[in-house]
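Listed below are the residues making up each chain.
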Amino acid sequence: MIKIRKHLRRDIPCRVKWLSNPGVNKFIGDELGQKTTLMKEVAWFDNYQKSKNKKFFTICDNSKPIGFMGFSNISKVNKNADLFIAIGEDDYRGKGNGKIAMEWLIAYGFDELNLHKINLGVVKDNVGAVKLYRSLGFVTEGKMKDEIFHNGKYYDFLSMALFSKKK
Ligand SMILES: CC(C)(COP(=O)(O)OP(=O)(O)OC[C@H]1O[C@@H](n2cnc3c(N)ncnc32)[C@H](O)[C@@H]1OP(=O)(O)O)[C@@H](O)C(=O)NCCC(=O)NCCS
């Protein structure tokens, strides 16, 4: 059963494992396919704890951490934020877990953070993710052509957004 809890310092080794997993990093980061390190993730977490505009969560199957997700660039003024999600454990992708987690995070964003708009960026070839986002109501606001270069190929990048139904 999917449970969502606070993202904790003890999740750092999982972050290293997940973000270095080709099943995850083939579609994320400034440079696709790049592995991370323990040092980088400790630095990320130190910065996260100080930051007031980020809110992250660990996705668990009961008590087993399987991925993480959250918001960065939360703007109280503009009432928007950038969403990120990764199901890090290979056995847990494509089984409906991402959708459950996303529904929870979207509700948190609109109801608890009082956001008007949730933004995300996704590589266009990440067909599973794009399909999931569309099914949740995200619309494509822009396409950056040839934004990413990886292994001799250019990839388009989509900017997608979901709006609160509250007026
Ligand atoms: C993208 C991601 C979060 C989706 O989570 P998931 O648990 O794998 O997806 P789900 O099983 O919940 O699928 C939800 C929907 O998306 C579709 N989908 C998911 N992966 C798919 C794939 N590879 N191909 C086609 N459709 C896919 C499913 O068919 C499902 O649609 P349905 O409800 O109509 O059946 C997850 O695959 C992941 O973490 N991927 C690696 C990192 C990543 O790409 N993160 C997103 C960066 S923008």
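Residues numbered from 1 in each chain as written. Predicted model: local features only at pLDDT ≥ 70, side-chain atom pairs only at ≥ 80, totals over all residues. Heavy atoms only, no water.

Looking at an unreviewed UniProt entry, one finds the chain named N-acetyltransferase domain-containing protein and attributed to Candidatus Uhrbacteria bacterium GW2011_GWC1_41_20.

Asker: Break down the sheet that holds strand β1 (residues 2–6) for me, citing the residues and quoting the values.
Answerer: Judged by pairing direction, the sheet is mixed, and its seven strands sit side by side in the order β1-β2-β3-β4-β5-β7-β6 without closing on themselves. With one partner strand each, in any of the chains shown, β1 and β6 (139–150) form the two edges of the open sheet. Here the strands of the sheet are splayed against their neighbours by 25 degrees on average, with no regard to which way each runs. Here β1 pairs with strand β2 (residues 55–61) via five bridges, running antiparallel. Bridge pairing in β2 links Ile 4 to Ile 59. Packing against the sheet, helix α1 (residues 12–19) makes contact with β2 and β3 (64–75), and its axis sits at approximately 90 degrees to β3. (Pairing = 2+ DSSP bridges. Helix = DSSP H or I, 4+ residues; strand = E, 2+ residues; numbered from the N terminus. Axes fitted to C-alpha atoms, helices over the stretch in contact; angles between N-to-C directions. Contact = heavy atoms within 4.5 Å.)

Asker: Which residues make up the pairing of strand β4 (residues 80–87), and what are the values?
Answerer: Along any regular strand the residues' side chains alternate between the sheet's two faces. In the sheet, β3 pairs with β4 via seven bridges, with the strands oriented antiparallel. Paired with Gly 70 across the two strands is Phe 84, which belongs to β4. Joining the antiparallel neighbours β3 and β4 is a turn of four residues, in which Lys 79 adopts a positive phi near 55 degrees. As paired strands, β4 and strand β5 (residues 117–123) are joined by three bridges and run parallel to one another. Residue pairing for β5: Asp 82 is matched across the bridge by Asn 119. Each parallel crossover has a hand, and for β4 linked through helix α4 (residues 97–112) to β5 it is right-handed. (Right-handed = clockwise from strand over helix to strand, strands pointing away.)

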